[in-house]
Amino acid sequence: MVRPYAGIMTITDASNRSDTDQASSGVEPASRLLVDNLRVTLDGRWGETRDYVRANIDREDLLPDPSLTMQQARDRTFEHVEELARLDFPSDGFRRDHGGTGDVGAAITAIEMLGYADLSLMVKAGVQWGLFGGAVENLGTKIHHDKFVKGIINLDILGCFAMSEMGHGSNVQALETEATYDRATGEFVIHSTTAGATKEYIGGAAQHARFASVFAQLITAGPGEEPQSHGVHCFVVQIRDNKGKPMPGVTIGDSGYKGGLAGVDNGRLRFDNVRVPRENLLNRYGDVAADGTYSSPIENTNRRFFTMLGTLIRGRISVAATSGAAARKALAIATRYGTTRRQFEAPGKPEETVLLDYLVHQRKLLPLIAKSYALEFAMNDVVEELHEVQSADPDLALHDAEFAKRQRRLEASAAGIKAITTWHASHTINVAREACGGAGYLDENQLSIMRGDIDVFTTFEGDNTVMTQLVGKELLSAYAEEVQGMDMVGWAGFIANTARDMFLEATGSRQLTQTLLDAGEDDGKSDLASRATHLQMFRNREEHLLRTVAQRMQRAKEPDADGFEVFNSAQDHLLAAAWASIERVVLESFVTHIKDCDSKAAADLLNKVCDLFVYSTLENHLSWYLMHKHVSVERAKAIRRSVNTACRELRPHARTLVDAFGIPEKLLTVEMK
Ligand SMILES: Cc1cc2nc3c(=O)[nH]c(=O)nc-3n(C[C@H](O)[C@H](O)[C@H](O)COP(=O)(O)OP(=O)(O)OC[C@H]3O[C@@H](n4cnc5c(N)ncnc54)[C@H](O)[C@@H]3O)c2cc1C
């Protein structure tokens, strides 16, 4: 479609580009090399997987089509899932002895790349192989692996992941679906005990899934015992027969039209005394003998519950990784547009000004590009750690305390990267939409569809606020065993007793020293330009927030203290501490990856990108730094100036930076020029 505006240039018309834009388009070998080197650095350990997926998804027909009806969108998404199965896409996610290839990192990386194509496809694939398959793989034992994994990989067995309920989404421990063991028949009876126990929003439930991994409170009694709940466990339940009709006792509803993800058939499930064989309990962490006796390798109910959930973090990391890809794509689209679109003439110039030559347009897009780089490096680290942890002996955590600790640290990292990346993606896609003006709102230019599709990523696989809180708790509790799953009252008491010595008292001299250092540094060339200073400033914020929130928690020790009230009144403080920690981890990751980059030109440019990430992050928190006297007014001003300077320095490289994301060209097809 040709748009009838004067002064609009096509992205492919090199004569309309600035030198730097031409250079980054591939015309100039040196710049091509730079793009390639940046891409290789950003691609990380699973670069080959990325290239394989790139080659297979470079097709316009994979993009969401907003003209389809809901049913057509679901059918089309499912056809694409079938194509992925034919490409042997899912095998990496399953262990060799279960019928896969056991390359966890490759599995996550491949699913991340779908974020460049269609988020419905990512979610649909993620539900089948990551969530349903992941539950069977990680919570099941040999009998389940032998029976289900092959069929899950090749789509003979279609499944969904039925955890959330109408009444309880974030608080999984309080689910109301029950699975009561009937010793007389050797079956579990799955029952939705209340209206709130209805499984809701379940991807795949409305149409395609024949099986569900159902999370329910396990109730059983051994000989001579009273029936007792042993907490939430997971059961494979057949929900449809071979003809697609609901199984007896199963009621299936359709969640209907949603704010996005049109190709995903979300639905609801209710169970009316549905019987499944005892073997359908995924029994790696808890089992029931024929006589009803319960056993588990983990005695503590809380610990068992969190260990079970902990094995399922792959879904959370996939969601984070994919949202990072979606953000990068939105930035690539908006940056391309921003380097060609012109508005308003400048005096003495023959042409109107290119959008990205305006400072505020640079400030809109470039800090988000910088953050996207930072997050992808941090994501690569989390994926690598997940790969290592999940490639180890699955039972290691049961008898190796150090390994169990490592697993819990990974869970906190997963929660943190999930929250920061999905919020970043949601924000970025919206900014990119605005950066393209009216054109950004047309579905033919993708951003408006992406905005709807990405929205729920901040909610599913762990609500972001709850995820951030999880990071905060983990930090404060120093990974103490007892605190896992503790209620707020108990937890506040724990913190009061043990956490106060965790951090050094801040010295009163810091502000003074800073002020002295800053005096006369108004030329902006002080050690504010030093990476060590950046790291220190991120650390200072984290340590200050953690120390002070721990101090506030000590009030729980006072006589008659209301533990919940103490915790609740400091909740915003705890989240701020967690956020500071997440950002510090991301920065450290970025710095490490630049050090590992063996191309000098790429490392130099990455250092500039890292500078912008630092300055724009500090700028976002300037009021905090000033309020707590961690920076002087002079330094605060210098930080603002540094954002502007870094934006100006990176402007000529904008196209290079987004080209280096390596997004398949056909997936960047938009009508706007
Ligand atoms: C499109 C879609 C697909 C989904 N797919 C699946 C699926 O396939 N399988 C599945 O099992 N689930 C699925 N879900 C459910 C999803 O995981 C839940 O919606 C999510 O966990 C949040 O739960 P909730 O909706 O009950 O929100 P709530 O937990 O009720 O949260 C509502 C608000 O309360 C806040 N809040 C909650 N607890 C606290 C707290 N302690 N402190 C402060 N604030 C708090 C949250 O931040 C949020 O803003 C899906 C959801 C959607 C929308």
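See the structure printed just above.
As a convention, each chain's residues are numbered from 1 in the sequence order in which they are written. Two thresholds apply to this predicted model, a pLDDT of at least 70 for residue-level local features and 80 or more for giving and counting side-chain atom pairs, whereas whole-chain, interface and lining totals are computed over all residues. Only hydrogens and water are removed before side-chain values are computed, so all heavy atoms of the structure are retained for them.

**Regarding the overall build of the protein chain**
Thinking step 1. The secondary structure listing takes helices from DSSP runs of H or I that are at least 4 residues long and strands from runs of E that are at least 2 residues long, numbered from the N terminus. Looking only at helices and strands, the protein chain features 23 helices and 13 strands.
Thinking step 2. What makes two residues a contact is simply this: any of their non-hydrogen atoms within 4.5 Å. Long-range pairs, those at least 24 residues apart, make up 75% of the contacts in the protein chain with a sequence separation of at least 6.
Thinking step 3. Calculation of accessible area relied on Shrake-Rupley with a 1.4 Å probe; when residues are assessed, cover is drawn exclusively from the protein chains displayed. About 27400 Å² of surface is accessible on the protein chain, with carbon and sulfur atoms providing 52% of the total.

**Here we look at the environment of Ala577**
Thinking step 1. As for its placement among the helices and strands, Ala577 is situated in helix H19 (residues 571-596).
Thinking step 2. For every residue, the accessible area obtained with a 1.4 Å probe (protein chains only) is divided by the maximum for its type, and the residue is called buried under 20%, exposed over 50%, and partly exposed between those limits. Given the relative accessible area of 0%, Ala577 is considered buried.
Thinking step 3. For the pair formed by Ala577 and Arg547, sequence separation is 30 residues and the distance between their alpha carbons is 9.0 Å.
Thinking step 4. For Ala577, the residues in contact, after removing those within four places along its chain, are Leu475, Leu545 and Leu546.

**Here's the deal with the pattern of salt bridges**
Thinking step 1. Whenever a carboxyl oxygen of Asp or Glu lies within 4 Å of a side-chain nitrogen of Lys or Arg, that contact is scored as a salt bridge. For the coordinates displayed, the defined rule picks out 39 salt bridges.
Thinking step 2. The residue Glu83 makes a salt bridge to Arg59 at a minimum N-O spacing of 2.7 Å. Pair noted here: Glu83 is in helix H4 (residues 70-86) and Arg59 is in the loop between helix H3 (47-57) and H4, with a separation of 24 residues, a long-range link.
Thinking step 3. Assessed through its relative accessible area of 23%, Arg59 is described here as partly exposed.
Thinking step 4. A salt bridge links Glu165 to Lys199; the nearest nitrogen and oxygen atoms lie 3.0 Å apart. One end of the pair, Glu165, is in the loop between strand S1 (159-162) and strand S2 (177-182); the other, Lys199, is in strand S4 (residues 199-203), and 34 residues separate them in sequence.
Thinking step 5. In this structure Glu165 comes out as buried when scored by relative accessible area, which is 1%.
Thinking step 6. Classification of Lys199 by relative accessible area gives buried; the value is 0%.
Thinking step 7. When salt bridges with common partners are traced through the structure, they connect Arg32, Asp36, Arg39, Asp43, Arg50, Asp51, Arg54, Glu112, Arg328 and Glu376 into a single cluster.

**Observations regarding the pairing of strand S3 (residues 187-192)**
Thinking step 1. For two strands to be treated as a pair, DSSP must find no fewer than two bridges joining them. Sheet topology places S2 next to S3; six bridges connect them, and they run antiparallel. Bridging across to S3, Thr180 finds its partner in Val189.
Thinking step 2. From the end of S2 to the start of S3, which pair antiparallel, there are four residues, and Gly186 there has a positive phi angle of about 70°.
Thinking step 3. Relative to strand S9 (residues 274-277), S3 is paired through four bridges, and the arrangement is antiparallel. Across the sheet, Val189 pairs through a bridge with Arg275, a residue of S9.

**What to know about helix H14 (residues 464-477)**
Thinking step 1. Working rule for helices: expected span equals 1.5 Å times residues minus one. Helix length check: H14, at 14 residues, gives a terminal C-alpha distance of 20 Å against a target of 20 Å (1.5 Å per residue), a fit within 8%.
Thinking step 2. Along H14, the residues that are buried comprise Asn464, Met467, Thr468, Gln469, Val471, Gly472, Glu474, Leu475, Leu476 and Ser477.
Thinking step 3. N or O atoms closer than or at 3.5 Å make up a polar contact, with two conditions inside protein: a donor-capable atom paired with an acceptor-capable one, and, for residues adjacent in sequence, both atoms drawn from side chains. N-cap assignment for H14: the residue whose side-chain oxygen lies 3.0 Å from the backbone N of Thr465 is Asp463.

**Side note on empty space enclosed by the protein**
Thinking step 1. Only protein atoms enter the 1 Å grid used here. Points where a 1.4 Å probe fits but cannot escape make up a cavity, open sets with protein on both sides within 12 Å along at least five of seven lines make up a pocket, and a residue lines them when an atom lies within 4 Å of a point. Grid points are joined across faces, edges and corners, and a volume is the space filled by probe spheres set on the points. Per the counting criterion, the structure on display carries nine cavities of 30 Å³ or more.
Thinking step 2. For the largest cavity, the calculated volume is near 130 Å³.
Thinking step 3. Lining the largest cavity are 11 residues, with Arg303, Thr307, Ala404, Gln407 and Arg408 sitting closest to its centre.
Thinking step 4. Elements supplying a minimum of two residues to the lining of the largest cavity: helix H8 (301-310), helix H11 (396-399) and helix H12 (401-435).
Thinking step 5. In this classification, the charged set is Asp, Glu, Lys and Arg, the nonpolar set is Ala, Val, Leu, Ile, Met, Phe, Trp, Tyr, Cys and Pro, and all remaining amino acids, among them Gly, are polar. Grouping the amino acids of the lining of the largest cavity by side-chain chemistry returns five nonpolar, three polar and three charged.
Thinking step 6. Its volume calculated, the second largest cavity comes out at about 100 Å³.
Thinking step 7. In this structure, the second largest cavity is lined by Phe78, Val81, Lys124, Val127, Gln128, Leu158, Gly159, Gly203, Gly204, His208 and Ala209.
Thinking step 8. If you tally residues by element for the lining of the second largest cavity, the top one is helix H6 (residues 119-139), at three residues.
Thinking step 9. Residue composition of the lining of the second largest cavity, by class: five nonpolar, five polar and one charged.

**A closer look at the environment of Thr339**
Thinking step 1. Within the fold, Thr339 resides in the loop between helix H9 (313-338) and strand S12 (342-345).
Thinking step 2. Since its relative accessible area comes to 1%, Thr339 is described here as buried.
Thinking step 3. Along the sequence, Thr339 and Ala654 sit 315 residues apart, while their C-alpha atoms lie 8.3 Å from each other.
Thinking step 4. Within the structure, the side chain of Thr339 is placed 2.9 Å from the backbone oxygen of Arg336, a separation counted as a polar contact.

**Brief notes about the site of the ligand**
Thinking step 1. Being near a molecule or strand, for a residue, comes down to having at least one heavy atom within 4 Å of it. Surveying the vicinity of the ligand reveals 18 residues, the closest of which are Phe161, Ser164, Ser170, Asp463 and Gln571.
Thinking step 2. Within the contact set of the ligand, an oxygen atom lies 3.2 Å away from a backbone nitrogen or oxygen of Gly169.
Thinking step 3. Contributing elements (two or more residues each) for the shell around the ligand: S4 and H14.
Thinking step 4. Where a domain begins and ends is set by an automatic assignment or by a domain database. Each of domain 1 (14-39 + 312-466 + 660-668) and domain 3 (161-300) accounts for three or more of the residues forming the shell around the ligand.

**Description of the packing of aromatic side chains**
Given two aromatic rings, their pairing is described by the distance between the two centres and the angle made by the two planes.
Thinking step 1. Ring pairs shown here join Phe, Tyr and Trp side chains whose ring centres sit within 6.5 Å, with only the six-membered ring taken for Trp; geometry is labelled stacked below 30 degrees between planes, edge-to-face above 60, and tilted in between. As enumerated under the stated definition, the model contains 13 aromatic pairs in all.
Thinking step 2. For the ring pair Phe188 and Phe235, a centre distance of 4.9 Å and an interplane angle of 65° mean the geometry is edge-to-face. Linking Phe188 in strand S3 with Phe235 in strand S6 (residues 228-238), this pair joins segments that are 47 residues apart in sequence.
Thinking step 3. Owing to a relative accessible area of 0%, Phe235 belongs among the buried residues under this scheme.
Thinking step 4. One aromatic cluster is present, formed by Phe377, Phe538, Phe590 and Phe613 through successive ring pairs.

**Examining the nonpolar core**
Thinking step 1. Residues belong to a common nonpolar core when they are buried Ala, Val, Leu, Ile, Met, Phe, Trp, Tyr or Cys residues joined through side-chain atoms within 4.5 Å. Core analysis: the largest hydrophobic core is formed by 196 residues, its most contacted members being Trp129, Phe188, Ile190, Tyr373 and Phe590.
Thinking step 2. In terms of residue count, helix H10 (residues 359-391) provides more of this core than any other element does, 15 residues in total.
Thinking step 3. Excluding anything up to four places from it in sequence, Trp129 contacts Val81, Leu84, Ala85, Phe89, Pro90, Phe94, Gly134, Ile152, Ile153 and Leu155.

**Some remarks on the sheet that holds strand S8 (residues 266-271)**
Remark on secondary structure: sheet strands pair via backbone hydrogen bonds, oriented parallel or antiparallel.
Thinking step 1. The sheet built from three strands is open, its strands ordered S4-S8-S7 with antiparallel pairing. Pairing within the sheet leaves two strands with one partner each, and these edge strands are S4 and strand S7 (250-254). Each strand of the sheet is rotated relative to its neighbour by a mean of 35°, with strand direction disregarded.
Thinking step 2. Two strands pair when backbone bridges link them, and S4 and S8 are joined in this way by three bridges, in the antiparallel orientation. Paired with Gly203 across the two strands is Asn266, which belongs to S8. Lines are fitted to the C-alpha atoms to define the axes, a helix being fitted only along its stretch in contact, and any angle between axes, read from their N-to-C directions, falls within 0 to 180 degrees.

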